[in-house]
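Survey of secondary and tertiary structure
Below, each chain spelled out in residue letters.
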Amino acid sequence: MRKITNEELGRPTAEAFAALPKMPVAVVLDNVRSMQNVGAFFRTGDAFAVERMLLCGITATPPARDIHKTALGAELTVAWSYAPSTCEAIDRLHAEGYTVLAVEQVEGAAMLDRLTIERTKRYALVFGNEVEGVSQEAVDRCDGAIEIPQVGTKHSINVSVSGGVVLWEFFRVLRPR
């Protein structure tokens, strides 16, 4: 077995990537504290061709050295905007026709492995603060919630890791062709 070089992977340039179809999924970060987590979301968003990211509240925005360190330049390829409040961002997404889902452990959440993802819908996925999760106020505005099944002793997964898990499942179903 031989590792494939970056050149052999045939990845698009940033300009070509901008013109490619995107997955109909927006990522909303609700007061995410760590710039490394923000950078990881940009990198995952680039890998899975998310439509855009909305950075809300205290979530740091590019340009920032610690975001770039983790994003490796993906903060330049994934469209993003800032909203002072997550609720404001959710209201805007609803007005644009998105189905908004919190990624959070709440009553009535759909387990990710049992979630029905519809190809005709546009989704916005809300990921929360590293300590508090998605705020109750934001959860109240969402159309539903997704929970990642877990069996360990901890009650949660790092927010950027949960982003990779959930976005992979959406990409698996909604991958731009």
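For the structure itself, look to the data block above.
Every value quoted in this text rests on a predicted model; they were computed, and no experiment measured them.

**Description of unusual backbone geometry**
- For the bond from Pro 62 to Pro 63, the omega torsion is -5 degrees, close enough to zero to count as cis.
- The residue Pro 63 is located in the loop between strand E2 (50–56) and helix H4 (65–71) in this model.
- Phi at Ala 49 is positive, roughly 55 degrees, even though this residue is not glycine.
- Within the secondary structure layout, Ala 49 lies in the loop between helix H3 (35–47) and E2.
- Here Ala 49 falls in the buried class, since its relative accessible area comes to 10%.
- In this structure, Leu 72 is a non-glycine residue whose phi angle is positive, near 55 degrees.

**Here's the deal with the packing of H3 against helix H7 (residues 159–174)**
- Interaxial distance between H3 and H7 falls to 8 Å at its minimum, and their mutual angle equals 15 degrees. On the basis of their axis angle, the class for H3 and H7 is roughly parallel. In the packing of H3 onto H7, the handedness of the crossing is right-handed. The residues of H7 that touch H3, namely those facing Asn 37, Ala 40, Phe 41 and Thr 44, are Val 159, Ser 160, Gly 163, Gly 164 and Leu 167.
- For the contact of H3 with H7, a count of residues per class yields four nonpolar, five polar and no charged.

**What to know about the pairing of strand E7 (residues 144–147)**
- Where strand E4 (residues 99–103) and E7 come together, three bridges link them in parallel fashion. By the bridge assignment, Val 103 is partnered in E7 with Ile 146.
- Pairing analysis gives two bridges linking strand E5 (residues 110–111) to E7, with the strands arranged parallel. Of the residues in E7, the one forming a bridge with Met 111 is Glu 147.

**Describing the sheet that holds E4**
- With respect to topology, seven strands assemble into an open sheet ordered E3-E2-E1-E6-E4-E7-E5, the strand pairing being parallel. Of all the strands in the sheet, just strand E3 (80–83) and E5 have a single pairing partner and so form its edges.
- Both strand E1 (residues 23–30) and E2 contribute to a ladder of six bridges, which runs parallel. Its bridge partner lying in E2, Met 23 is registered against Val 50.

**Some words on the nonpolar core**
- Grouped together as the largest cluster of nonpolar side chains are 33 residues, with contacts concentrated most on Leu 125 and Phe 170.
- For this core, the secondary structure elements donating two or more residues are E1, H3, E2, H4, E4, strand E6 (123–127) and H7.
- No other element matches the seven residues that H7 contributes to this core.
- Residues contacting Phe 170, with those up to four places away along its chain left out, are Met 23, Val 25, Leu 101, Leu 115, Ile 117, Tyr 123, Leu 125, Ile 146 and Arg 175.
- With 19 residues, the next largest nonpolar core counts Leu 54, Ile 90, Ala 102 and Cys 142 among its residues.

Basis of the calculations
- Residues numbered from 1 in each chain as written.
- Predicted model: local features only at pLDDT ≥ 70, side-chain atom pairs only at ≥ 80, totals over all residues.
- Heavy atoms only, no water.
- Helix = DSSP H or I, 4+ residues; strand = E, 2+ residues; numbered from the N terminus.
- Buried < 20%, exposed > 50% of the residue type's maximum accessible area, 1.4 Å probe, protein only.
- Axes fitted to C-alpha atoms, helices over the stretch in contact; angles between N-to-C directions.
- Parallel < 35°, antiparallel > 145°, perpendicular 65-115°, else oblique.
- Left-handed = near helix turned anticlockwise from the far one by under 90°.
- Contact = heavy atoms within 4.5 Å.
- Nonpolar A, V, L, I, M, F, W, Y, C, P; charged D, E, K, R; others polar.
- Pairing = 2+ DSSP bridges.
- Core = buried A, V, L, I, M, F, W, Y, C linked by side-chain atoms within 4.5 Å.

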